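Listed below, chain by chain, are the residues.
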Amino acid sequence: MPTLTLYKAGGEPIQVEFDGPVTIGRQAAICDLVTADPKVSRRHCRIEPVAEGWRLTDLSSSNGTWVDHKQVGELLLREGDQIRLGDTLLRFSEQAASPKRPADPHRALEIARGAQGGSEIDEYAELKPRPMPKAWDRVAESDSPGLSDTQAG
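Counting of residues starts from 1 at the beginning of each chain's written sequence and follows it residue by residue. Two thresholds apply to this predicted model, a pLDDT of at least 70 for residue-level local features and 80 or more for giving and counting side-chain atom pairs, whereas whole-chain, interface and lining totals are computed over all residues. In computing side-chain values, all of the structure's heavy atoms are included and hydrogens and water are not.

A. Summary view of the side chain of threonine 57. Each helix is a run of DSSP H or I of at least 4 residues and each strand a run of E of at least 2, with the numbering of both proceeding from the N terminus. As for its position among the elements, threonine 57 is in strand S6 (residues 53-58). When a residue's accessible area, from a 1.4 Å probe over protein chains only, is under 20% of the maximum for its type it is buried; when over 50% it is exposed; and in between it is partly exposed. A relative accessible area of 15% places threonine 57 in the buried class. By definition in these notes, contact holds between two residues if any of their heavy atoms fall within 4.5 Å. Once you skip the residues sitting within four places of it in the chain, threonine 57 turns out to touch Cys45, Arg46, Glu48, Gly73 and Glu74.

What follows is the structure, given as structure tokens:
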């Protein structure tokens, strides 16, 4: 299954798998993949399956669609092609890449919940046991007694 990897400045790459036509642009109502990049047109380009592979078509965008530093109107994509739309950089791959685990475990959990159709907000977080604060760990490990009956009040 083909993938597009989105590279954002200062962020981790994001991979999107697709198995049919994909329209890329700024307007969510008419696009399958949406970016907030102001240099990308509302409906910028389209990638669709053809007999020879996957075809990229510019949809009369204002700033053009660029593949490997050349402006294109229509092009048959090849493995590893770099697509630039405004300031947005994508890499095309025909094979699904193995997903990389984000360094931040909270981000990994958000991604996993999103992939399973779950909510990023945990409605039952209040009911889950909370970890003991570190200060308690130090007290529990020391040999000194806690509050005496007279200090407790």
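There is more to say, and it comes next.
B. Spotlight on unusual backbone geometry. You will see that aspartate 68, though not glycine, has its phi angle at about 50°, which is positive. Structurally, the position occupied by aspartate 68 is in the loop between strand S7 (65-67) and strand S8 (70-72). Accessibility expressed as a relative area gives 33% for aspartate 68, which makes it partly exposed.

C. Molecular detail of the sheet that holds S6. When DSSP finds two or more bridges between two strands, those strands count as paired. What the five strands build is an open sheet, ordered S4-S3-S5-S6-S9; its pairing is mixed. Among the strands making up the open sheet, the edge pair consists of strand S4 (33-34) and strand S9 (74-76). Sheet topology note: the S6/S9 ladder contains three bridges and is antiparallel. When the sheet's bridge partners are listed, threonine 57 is paired in S9 with glutamate 74.

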